[in-house]
Every structure is written in C-alpha cells, then in structure tokens.
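Architecture and fold: a report
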Amino acid sequence: MHVPDGFINAPVSIAAGAVAVAGVGVALRGARRELDDRTAPLAGLTAAFVFAAQMLNFPVASGTSGHLLGGTLAAILVGPYTGVLCVSVVLLMQGLLFADGGLTALGVNITTMALATVLVGYGLFRVLLRVLPKTRGAVAGASFAAAVVSVPAAAVAFTLIYAAGGTTDVSVGKVAAAMIGVHVLIGIGEALITAVTVSSVLAVRPDLVYGARDMIKPLQLRPAGADGSAEPSRA
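These notes cover the structure that comes with them. (Residues numbered from 1 in each chain as written. Predicted model: local features only at pLDDT ≥ 70, side-chain atom pairs only at ≥ 80, totals over all residues. Heavy atoms only, no water.)

**Concerning the packing of aromatic side chains**
To be explicit about the condition: Each Phe, Tyr or Trp ring (for Trp, its six-membered ring) is paired with any other whose centre lies within 6.5 Å, and the angle between the two planes then decides the class: stacked below 30 degrees, edge-to-face above 60, tilted in between. Helix and strand definitions here come from DSSP, where helices need a minimum of 4 consecutive H or I residues and strands a minimum of 2 consecutive E residues; each element is numbered from the N-terminal end. The rule is simple: take the accessible area with a 1.4 Å probe, protein chains only, and divide by the maximum for that residue type; under 20% is buried, over 50% is exposed, in between is partly exposed. Lysine and arginine charges are scored as sitting over a ring when NZ or CZ, respectively, is within 6 Å of the ring centre and within 35 degrees of the ring normal.
Evaluation of the coordinates by the stated rule reveals 6 aromatic pairs. Here the aromatic rings of Phe158 and Tyr162 are separated by 6.2 Å at their centres, their planes lie at 35°, and the arrangement is tilted. Separated by 4 residues within a single helix, Phe158 and Tyr162 lie in helix H6 (residues 136–165), roughly one turn from each other. Residues Phe158 and Tyr162 agree in their burial class; the two are buried. A connected cluster of aromatic rings, assembled from ring pairs, spans Phe7, Phe158 and Tyr162. Above the ring of Tyr210, the side-chain terminus of Arg213 is found at 4.3 Å from the ring centroid.

Here it is in structure tokens:
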C-alpha cells in the first residue's frame with residue numbers, strides 16, 4: 001500500500017501531509033501518558049518488529065503480494081498514540097532508506113497506514129472487549145477481528161484520497177475494487193500475525209499488553225500466616 005511519488009497530486013498530498021502532521025502531533029502528546037520506563041523499551045521493539053514485518057511480503061492472489069501494516073498490533077501492545085508513532089517512524093525510515101513509498105507521499109502513507117489503521121483497529125478492539133468476557137482468548141479474538149477490519153479500512157482511506165487527487169487514468173471504481181478486495185485478503189494474514197503476537201505476549205507478560213491492561217488484577221497482600229508474615233498474591 002506504500003504510495004509512490006506522483007501518484008497523488010500536490011494539493012491533496014499537502015492536505016494529507018497536514019492531516020499526518022496533526023495526527024502525529026496529537027500522538028506525541030498522548031504517548032506521554034502511555035509510556036514509562038517499563039513500557040518504553042517495548043515501543044522500540046514493536047517499531048522494529050513492524051519495520052521487519054513490513055519488509056516481508058506474502059502472496060495473496062493473482063500474483064499480488066501483501067505485508068503487515070502493523071497499526072492495530074502496535075496500538076494493542078503499546079497504546080494507540082504510541083502505535084501511531086511507531087508506524088509513522090517505520091514509514092519514514094522505509095521512505096528514506098529503501099524508497100518504499102515516496103517522500104512527497106509520506107503524509108498519504110501515514111494517514112492511511114498509521115492513522116486509519118490505529119483509529120479503526122484499536123477502536124474496534126476496545127468495543128469488542130467491552131462485550132466479550134475478560135479472558136486471554138477474548139483478547140486474541142478481538143485483536144484478530146480488529147486487524148482484519150483495519151487493513152481494508154486503510155484501503156478505503158487510500159481510495160478516498162485517490163478519488164480526490166489521483167493522477168492516473170484508472171477509474172475510482174476500479175481502484176476501490178482492486179484495493180479493498182485485495183486488502184481484505186491481506187487483512188486475514190495481518191490478523192493471524194496480530195492475534196499470535198498478542199497471545200504470545202499475553203502468555204508471558206500480560207502486564208505489557210496495553211490493550212489488555214484492564215485484565216491485570218492488582219497485587220494484594222494475603223492475610224498474615226501463622227508466622228505473622230504477609231505474602232503477596234494476585235487477586
């Protein structure tokens with residue numbers, strides 16, 4: 001989904017850039033509330049994982065390939081604001097180092113692959129957790145569903161941008177059909193990666209999964225034993 005230079009005209013690219021700058025600015029302020037000395041290293045690891053995963057393509061259909069977008073995964077692990085920053089940094093580095101996505105289209109790419117995926121994916125994830133039981137299986141299922149939806153949502157966002165400022169002769173209808181159809185399939189692959197990753201972290205360090213923080217019970221002290229000592233325990 002990385003948009004190259006010249007695919008979207010200058011006025012719309014500038015407008016998307018303004019949206020991206022505003023979104024990243026809000027994310028910078030919000031990330032201060034999400035990160036601390038314990039979770040900051042995980043944000044770096046998440047960004048590195050998304051960077052590496054986006055470099056790997058898997059076949060989808062008819063010669064088409066796809067890759068992880070990572071917005072929903074990052075938001076669930078480290079929070080929505082930090083998730084936006086992680087994906088935005090990845091997109092910037094890919095554009096600078098590998099020419100994967102044009103620099104003039106960086107605003108478009110951040111808007112579609114960082115802002116749209118996090119807003120839709122994490123929003124749906126939180127809604128699902130309100131109605132599902134508070135279990136690890138429910139968290140994995142919610143992360144799967146959220147990731148599935150977030151990828152075609154990014155394709156819809158791109159289609160709207162293309163409709164406003166696309167520079168090719170391909171009709172908006174054809175672009176929408178191709179982009180959304182393919183990205184529904186890509187979303188299934190992303191959902192599997194997201195659910196497996198979230199489940200793996202939950203199994204060993206559930207306290208590090210930002211989206212599942214409500215499931216972590218506070219540390220309490222058991223009543224004093226026969227020797228008069230108190231023992232810490234999970235409620």
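Next comes the rest of the account.
**As for the pattern of salt bridges**
What counts, and what does not: A pair is scored as a salt bridge if a Lys or Arg side-chain nitrogen falls within 4 Å of a carboxyl oxygen belonging to Asp or Glu.
Applying the stated rule across the entire model yields 2 salt bridges. For Asp207, the salt bridge is made with Arg38, and the minimal N-O distance between the two is 3.4 Å. Taken together, the residues Asp207 in the loop between helix H7 (172–204) and strand S3 (219–221) and Arg38 in the loop between helix H1 (10–34) and helix H2 (40–54) connect sequence positions 169 residues apart. For Asp207, a relative accessible area of 29% gives the class partly exposed.

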